[in-house]
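# Survey of secondary and tertiary structure
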Amino acid sequence: AQKANPFYEEWWFLVVIALVGLIFILLLVFVLIIRGQSKKYTKKSDSGNGSKGTALSHGEMVSLDEGSFPALELNNRRLSV
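Each value, and the rule that gives it
- Residues numbered from 1 in each chain as written.
- Predicted model: local features only at pLDDT ≥ 70, side-chain atom pairs only at ≥ 80, totals over all residues.
- Heavy atoms only, no water.
- Helix = DSSP H or I, 4+ residues; strand = E, 2+ residues; numbered from the N terminus.
- Buried < 20%, exposed > 50% of the residue type's maximum accessible area, 1.4 Å probe, protein only.
- Areas by Shrake-Rupley, 256 points an atom, 1.4 Å probe, with all protein chains shown as cover.
- UniProt positions renumbered as here; feature names shortened; annotations may be inferred.
- Phe/Tyr/Trp six-rings, centres within 6.5 Å; stacked < 30°, edge-to-face > 60°.
- pLDDT = per-residue confidence, 0-100.

Within an unreviewed UniProt entry, the label attached to the protein chain reads SDK2 protein, and the organism entered is Oreotrochilus melanogaster.

Listed below in structure tokens is the structure:
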């Protein structure tokens, strides 16, 4: 009768455990990166919401003109001063 090695001493088991550990570490890193980017985005959007209630000065409109599409839409409106 041959004495069989337990499965946890086989080479393939160690490879499977290493791959599962690597996948777990990569998932953890990706989750942390995504959470960090979402927090950065909410900080930027919160700071942008505070200035929406106030009227734009001429200098701010000129700086928007140097931007892109939203400036074109702003120029077509008549703003009361």
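Further remarks concern the overall build of the protein chain. Across its full length, the protein chain holds three helices and zero strands. Ordered by position from N to C terminus, the α and β elements of the protein chain give α-α-α. Evaluated residue by residue, the protein chain yields a buried proportion of 2% over its 81 residues. As displayed, the protein chain has an accessible area near 7,800 Å², and 66% of this comes from carbon and sulfur atoms.

Right, let's get into the UniProt feature "transmembrane region" (unreviewed entry) in the protein chain. Cross-referencing UniProt, the feature "transmembrane region" (unreviewed entry) maps to residues 12-34 in the present numbering. Secondary structure content for residues 12-34 is 100% helix and 0% strand, and the end C-alpha separation is 33 Å.

Below, the discussion takes up the packing of aromatic side chains. All chains considered together, the criterion is met by three aromatic pairs. Here phenylalanine 7 and tyrosine 8 contribute two aromatic rings whose centre-to-centre distance is 5.7 Å and whose plane-to-plane angle is 80°, an arrangement assigned as edge-to-face. The class of tyrosine 8 is partly exposed, set by a relative accessible area of 48%. With a centroid separation of 5.2 Å and an interplanar angle of 90°, the aromatic rings of phenylalanine 7 and phenylalanine 13 are classed as edge-to-face.

Here we come to the confidence of the model for the protein chain. Keep in mind that low pLDDT regions are not for reading the predicted coordinates in detail. A residue-level look at the protein chain finds 49% of positions with pLDDT of 70 or above and a mean pLDDT of 74. Across the protein chain, helix 1 (residues 11-50) holds the top mean pLDDT of 85, while helix 3 (residues 69-76) sits lowest at 53.

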